[in-house]
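# Descriptive structure summary
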Amino acid sequence: MGYLRSRPPKDLIAAAGFLIVLCLLVFSAVWVYKAIFNTPPYVDSDKYPVRGIDVSHHNGIIDFNKVADSGVEFVFMKASEGITHRDSLFKRNYEEARKVGLKTGAYHYFRFDCDGVEQAVNFLRAVGPHHYDLGLVIDVESSGNADGVSADVIKNRLVNMVDYMNLLGYRVMIYTNFDGYYDFIEETMPGCPLWICRFKENPINAEWTFWQYDHHGKVPGVKGDVDINVFCGGTEQWENYLQGGIWPYKQAI
């Protein structure tokens, strides 16, 4: 014997319709973000033919043979952070990258809430007495950093770290993004070599040496996303840079 099914209440139908529309709007917003705002800028390979990556333990075990075979020429590797932290894969990344002929550089994530000289000591102990073609880099950014530290304190600690390393004869570069440059670097350390992170076709109205333009690059040998960078200059300038020339950056303070 059959039975009658009651119709769903109108408010239930309206709620279901609202959820469907909301899901469509969220999907559209995500698509627009990925397609427009998260799309890396066009980088002219003729103008900037020297390409590289930067990595840390977050990228896992890397097959540097495949990385080198893909045309990548350099790699920056995280060595340390703050006054105690060391990247667990730094030693392996350095040794494997050198084996396949990649040009190497090491970076330290600068903590706003730590003394600058103590951070320099940690960084230098982490990198050890090895050769770094691209020198040593201090990563200065607010993302993931301590809150509540004044800009003056941050800049003072950063200057102390750079000064300490320069006095010991190390070639220092600053990595930062667009806001970080104007907040902490522009007036404090004019002329310090710059590695800029920005996802615009014109990275910054300032002199730069390396440009990180993509956080979601794909490179053989690296699982998942990896940061993509280029050098500011052609192959002749690249060779000059590796030999210690001053193109295209200025002397560190």
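Keep in mind that this is a model prediction, so the values were computed, not measured. (Residues numbered from 1 in each chain as written. Predicted model: local features only at pLDDT ≥ 70, side-chain atom pairs only at ≥ 80, totals over all residues. Heavy atoms only, no water.)

### A short note on the overall build of the protein
When its secondary structure is counted, the protein shows 7 helices and 9 strands. Within the protein, buried positions represent 43% of all 253 residues. Residue pairs at least 24 apart in sequence account for 66% of intrachain contacts in the protein once pairs closer than 6 positions are excluded. Of the roughly 14,000 Å² that the protein leaves accessible, carbon and sulfur atoms contribute 55%. (Helix = DSSP H or I, 4+ residues; strand = E, 2+ residues; numbered from the N terminus. Buried < 20%, exposed > 50% of the residue type's maximum accessible area, 1.4 Å probe, protein only. Contact = heavy atoms within 4.5 Å. Areas by Shrake-Rupley, 256 points an atom, 1.4 Å probe, with all protein chains shown as cover.)

### Structural notes on helix H3 (residues 90-99)
Every buried residue belonging to H3 is among Phe 90, Asn 93, Tyr 94 and Ala 97, and all of these are buried. Take H3 and look down its axis: the buried residues cluster within an arc of 100°, on one side only. Among the exposed residues of H3, those oriented more than 90 degrees off its buried face are Lys 91 and Lys 99. For H3, the elements touching its buried residues are strand S1 (51-55), helix H2 (64-69), strand S2 (74-81), strand S4 (103-109) and helix H4 (116-127). (Arc of directions from axis to C-beta.)

### Side note on the environment of Cys 114
Along the chain, Cys 114 turns up in the loop between S4 and H4. Residue Cys 114 is classed as buried on the basis of its relative accessible area, which comes to 15%. Those residues in contact with Cys 114 that lie beyond four places of it in its chain are Gly 82, Ile 83, Gln 119 and Arg 157.

### Describing the pattern of salt bridges
Under the counting rule described, the total for this entry stands at 7 salt bridges. Ionic pairing is found between Arg 111 and Asp 113, a salt bridge with its closest N-O pair at 3.4 Å. We classify Arg 111 as buried; its relative accessible area is 16%. Notably, a salt bridge pairs Lys 218 with Asp 225, separated by 2.5 Å at the nearest N-O pair. (Salt bridge = Lys/Arg side-chain N within 4 Å of Asp/Glu carboxyl O.)

### Some words on the packing of aromatic side chains
The tally for this structure, following the rule as stated, stands at 24 aromatic pairs. Chaining the aromatic ring pairs together yields one cluster made of Phe 74, Phe 76, Tyr 107, Tyr 175, Trp 195, Phe 210, Phe 231, Trp 238 and Tyr 241. It is Arg 171 that lies over the ring of Tyr 241; its NZ or CZ is 4.3 Å from the centre. The ring of Phe 178 has Arg 198 lying over it, and the distance from NZ or CZ to the ring centre is 3.8 Å. (Phe/Tyr/Trp six-rings, centres within 6.5 Å; stacked < 30°, edge-to-face > 60°. Lys NZ or Arg CZ within 6 Å of the ring centre and 35° of its normal.)

Everything listed here is a matter of coordinates, which is why it stays silent on function.
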